[in-house]
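# Fold and geometry: a report
Here is what each chain is made of, one letter per residue.
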Protein chains: 2
Amino acid sequence: MSREPFTKIMLPEDKIPKFWYNVQADMPNLPVPGLHPQTKQPLTPADLEPIFARELIAQEVSTERYIEIPAEVRQLYKQYRPSPLFRARQLEKALDTPCRIYYKYEGVSPVGSHKLNSALPQAFFNKIQGIKRLTTETGAGQWGTALSLACRHFGIEAMVYMVKISFTQKPYRRSIMELYGATCVASPSTLTESGRRELAKDPNTPGTLAMAISEAVEDAAQRDDTNYSLGSVLNHVCLHQTIIGQEARLQLEMVDDYPDMVIGCCGGGSNFAGIAFPFLPDKLAGKNIRLIAVEPAACPTLTKGEFTYDYGDAAGLVPIMKMYTLGHNFTPSGIHAGGLRYHGASPLVSQLYHDGLLEAVAVKQNATFAAAMLFARTESIVPAPESAHAIRVAVDEALKAKEEGISRTILFNLSGHGHLDLFSYDRYLSGETEDVEFSCEDLQVSLQDLPQI
Amino acid sequence: MSREPFTKIMLPEDKIPKFWYNVQADMPNLPVPGLHPQTKQPLTPADLEPIFARELIAQEVSTERYIEIPAEVRQLYKQYRPSPLFRARQLEKALDTPCRIYYKYEGVSPVGSHKLNSALPQAFFNKIQGIKRLTTETGAGQWGTALSLACRHFGIEAMVYMVKISFTQKPYRRSIMELYGATCVASPSTLTESGRRELAKDPNTPGTLAMAISEAVEDAAQRDDTNYSLGSVLNHVCLHQTIIGQEARLQLEMVDDYPDMVIGCCGGGSNFAGIAFPFLPDKLAGKNIRLIAVEPAACPTLTKGEFTYDYGDAAGLVPIMKMYTLGHNFTPSGIHAGGLRYHGASPLVSQLYHDGLLEAVAVKQNATFAAAMLFARTESIVPAPESAHAIRVAVDEALKAKEEGISRTILFNLSGHGHLDLFSYDRYLSGETEDVEFSCEDLQVSLQDLPQI
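Residues numbered from 1 in each chain as written. Chains lettered and ligands numbered in written order. Predicted model: local features only at pLDDT ≥ 70, side-chain atom pairs only at ≥ 80, totals over all residues. Heavy atoms only, no water.

A separate point is the overall build of chain A. Tallying secondary structure elements over chain A gives 18 helices and 15 strands in all. Relative to its length of 453 residues, chain A is compact, with a C-alpha radius of gyration of 20 Å against a globular reference of 22 Å. For the C-alpha atoms alone, the extent of chain A along its principal axes is close to 65 × 45 × 45 Å. Taken across its 453 residues, chain A has 67% of its residues classed as buried. Restricting to contacts in chain A with at least 6 residues of sequence separation, those with at least 24 account for 77%. When the accessible surface of chain A is split by element, carbon and sulfur atoms take 48% of a total near 15000 Å². One way to put it: in chain A the 42 positive side-chain charges average out to a point 5 Å from where the 52 negative ones average out. (Helix = DSSP H or I, 4+ residues; strand = E, 2+ residues; numbered from the N terminus. Rg over C-alpha atoms; globule rule 2.2 N^0.38 Å. Buried < 20%, exposed > 50% of the residue type's maximum accessible area, 1.4 Å probe, protein only. Contact = heavy atoms within 4.5 Å. Areas by Shrake-Rupley, 256 points an atom, 1.4 Å probe, with all protein chains shown as cover. Lys, Arg positive; Asp, Glu negative; His and termini not counted. Charge placed at Lys NZ, Arg CZ, Asp CG, Glu CD.)

Below you can see the structure in the form of structure tokens.
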């Protein structure tokens, strides 16, 4: 029997962080302010109040290093946090690498992914302000599920606009939202002006996240009792996810280790921000640590996009943000990592990447599934296709270090399990997943009406 | 904000039990020996050796109170054990009950259910005996998935015969087994004599667990390098699952509590045995504690079956056991709790039930889904449809105690999560789940050729 032992590093419950870490306190260059989508003038907090809770707007622009996690939110975090940190000894052995590979496992949350880390505080801050209803969009369904549950906890109604192709192809994701009491409709829908406009253009459109965002924002803007909620991209979402990296730091300290590199998959950017940002102060202080965002080759926002102002949604209803973008009308190919199919990247991640503090890598779909399969067969857990992007690069780095004969410490975020994604694995095992690569001709950034910097 | 706090009771890793608890040491009446399916003579260990590992055969008949868990198995348990015990405060509040409700959550295992607790030692004991290949059957897929992973850990080939209707309706369950490297075929198949016989009788048969068991046993019996593995019913499977109840006892001690009743769903019986058996010694010593097995009204083995000798499989290849049974040719209706669709019950559970030491309740499908939905909306976790049977009775008991104005401590086993069962919830939410009840005319126990006691 030549198995390596499992190493699970558990933090005591009283070590759940009491504060979120706000990277804006330490950034050499803060992101430039967003612009009002109509006036094109820099946004004021008042511009955001029709759709966001005041506390979340304050977090969006805060430069305080630590922001307290409300007791009510910590209480709910305790159901699944601290999440475990595992040493991937079986994977190390299979790769015959001298590296130590650790992964932080967020799939232990009741919705199976990290998304609940931000859904809970977003629902809470809206609740204490008297908001009765939250709207949101969802692609693959992870965020919609998390917000549905968070709303249920705080007695808020949830209205989810789900990208039509996912709504049709993944009816069970809709079922879990309905089970939590949310209403879920296919987007574009006939319920909103922007939805009807898209349907008039193309009644058979599969929908995009950008369209669904437009609908959710329009809905929220029209009702006083309703706010809007976004599951990634924004500063306050990245903030909430830093609980991941903070815990991971403490867990690595428990085994006297420290990462040479920190890896996370990157769609809108919140999961990557969550694992990576808490290590940024060390890097700024001169520590030799790499922070690596991994994106799909079919939607390579950071590696192939432009750093410019762009809309966050299709209809131009949400603030214009300066970010790496492939264009707000870009429709990514139907890769299975639906959570990474967004045209833009978080302004915080974008700015830090632009400033050379982060790295980015794009990986292809089949190589990513291959890494996921190796991981499942060694470490037991079936990863979400999104999370598998981080695994791919962790594996590549471990093999590179082996070639170089160097032992490195690799930390990555396993942001969710793949029990809701077995359809995708079925396609992969049947040889039916394609390697679509983004081509520069796809770049749809066309913002002549926007101020350039 | 009137939320109740979550209470998660975690056991330190070094408190994972080092021994399984063997209820045969304490039973007032031991189960009568099984009979050889051909000779109808009491089984000897030698009869079982062609298909079972020697250590497992020894466990099957052992009357030692504690059987040591091998270090290699404990090491693997550590990936997901100790599993958390939760106080269901939100559920209590929704029911406005004076009861304290606790649930042991086995869905944290990488396969999402308790099944891995027995799959790991079964694969291990076969491995050390030099076995290269294990065959098994699976219905809904939970057991097949667990055994596939366990075999992967120990470098054993896994061959899973999956009930045809599940194989067709739930292709993703097959995918996860293949992801772990197992071979999975629809049963009845053309690979075995017993499969071919069933297909000749009815080429369109949906298959049953009893048919799939016949195929797996026939396959194993024909190859020296191959053994057979069963996921429930047998004494050694119940033994392995006692780690659940042992941990739960320790966790309740940590909060100074003790259950008035212990509840588990019951198909073959191993999950119920796992949570309940470790409390039996207290009951035998005079403690006032109820141990309640919950079965589906569509397959009410304990409450409507006969306590008699019957075959465990369709073709009559496996030992004849004395158990509560609805007849080995009974085909239960297509309820969504596929894991509870077995005609018999564990001989240990059957004997203890016969002796009045256990209770049994049958519940209907829609009432069970209703309880599952209430649970998801209060406690966040979407339960497996099987586990929801235990929730239904926990809720009923909590409401009864409320009427009586008595505070009771209720412990139940949440044996798995329902992320792989959203199809079933979709049907329930669409009003398409039926309340099929077993009728006495369905009873197919017809064993004129078997010795009666």
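Back to the write-up after that little detour.
A full pass over the atoms with the stated rule returns five cavities of 30 Å³ or more. Each pocket or cavity is described by its volume, and for the largest cavity that value is around 530 Å³. What lines the largest cavity is a set of 33 residues, and nearest its centre among them are Y105, G107 and V108 of chain A together with Y105 and V108 of chain B. In the lining of the largest cavity, the residues fall into 19 nonpolar, twelve polar and two charged. (1 Å grid on protein atoms, 1.4 Å probe; cavity = no way out; pocket = protein on both sides within 12 Å on 5 of 7 lines; lining within 4 Å. Points joined across faces, edges and corners; volume = space filled by probe spheres on them. Nonpolar A, V, L, I, M, F, W, Y, C, P; charged D, E, K, R; others polar.)

Residue and element names in this part refer to chain A. Taken as a whole, chain A is organised into domain 1 (8-15 + 82-112 + 244-446) and domain 2 (19-69 + 114-235). Averaged C-alpha coordinates put domain 1 and domain 2 at centres separated by 22 Å. With 48 residues of domain 1 at the contact, the number on the domain 2 side is 49 residues. Across the interface of domain 1 and domain 2, roughly 3900 Å² is buried in total on both sides, 66% from carbon and sulfur atoms. Area buried by domain 1 at its contact with domain 2 is led by V111, L317 and L348, which between them contribute 16% of it. Taken together, the connections running from domain 1 to domain 2 amount to one salt bridge. Here R173 and D421 are joined by a salt bridge, their closest N and O atoms 3.3 Å apart. Applying the counting criterion to the domain 1 and domain 2 interface returns 14 residue pairs in polar contact (both at pLDDT 80 or more). (Domains from an automatic or database assignment. Buried area = accessible area lost by both parts, 1.4 Å probe. Salt bridge = Lys/Arg side-chain N within 4 Å of Asp/Glu carboxyl O. Polar contact = N/O pair within 3.5 Å; in protein donor to acceptor, adjacent residues only side chain to side chain.)

For the pair helix 8 (residues 171-179) of chain A and helix 18 (residues 422-429) of chain B, interaxial distance at closest approach is 9 Å and the crossing angle is 60°. Crossing angle aside, the handedness with which helix 8 of chain A passes helix 18 of chain B is left-handed. Seen from helix 8 of chain A, the contacting residues are P171, Y172, R174, S175, I176, E178 and L179 of chain A; seen from helix 18 of chain B, they are L422, F423, Y425, D426 and L429 of chain B. (Axes fitted to C-alpha atoms, helices over the stretch in contact; angles between N-to-C directions. Left-handed = near helix turned anticlockwise from the far one by under 90°.)

We now examine the confidence of the model for chain A. Residues and elements named next belong to chain A. Here chain A shows a mean pLDDT of 93. Residues at 70 or above account for 96%. Across residues 447-453, confidence stays below pLDDT 50; counting only partners more than four residues off in sequence or on other chains, it has 18 contacts. Scoring of the predicted complex yields 0.94 for pTM and 0.93 for ipTM. (pLDDT = per-residue confidence, 0-100.)

It is a general feature of regular strands that their side chains alternate between the two faces of the sheet. Residue and element names in this part refer to chain A. Counting buried positions over the six residues of strand 6 (residues 133-138) gives six, a clear majority of the element. Taken together, the six bridges between strand 6 and strand 7 (residues 157-163) define a ladder with parallel strand orientation. When the bridges of strand 7 are listed, L134 appears paired with A158. Handedness of the strand 6-helix 6 (residues 142-154)-strand 7 crossover: right-handed. Pairing between strand 6 and strand 9 (residues 226-228): three bridges, direction parallel. When the sheet's bridge partners are listed, L134 is paired in strand 9 with N227. (Pairing = 2+ DSSP bridges. Right-handed = clockwise from strand over helix to strand, strands pointing away.)

What follows concerns the sheet that holds strand 7 of chain A. Residue and element names in this part refer to chain A. Spatial strand order, 8-7-6-9: four strands in an open sheet with parallel pairing. Edge strands, defined here as strands with exactly one partner in the open sheet, are strand 8 (183-187) and strand 9. Between one strand and the next, the sheet's axes are offset by a mean angle of 25°, whatever the strand orientation. Across five bridges, strand 7 lies against strand 8 in parallel orientation. Residue pairing for strand 8: V160 is matched across the bridge by C184.

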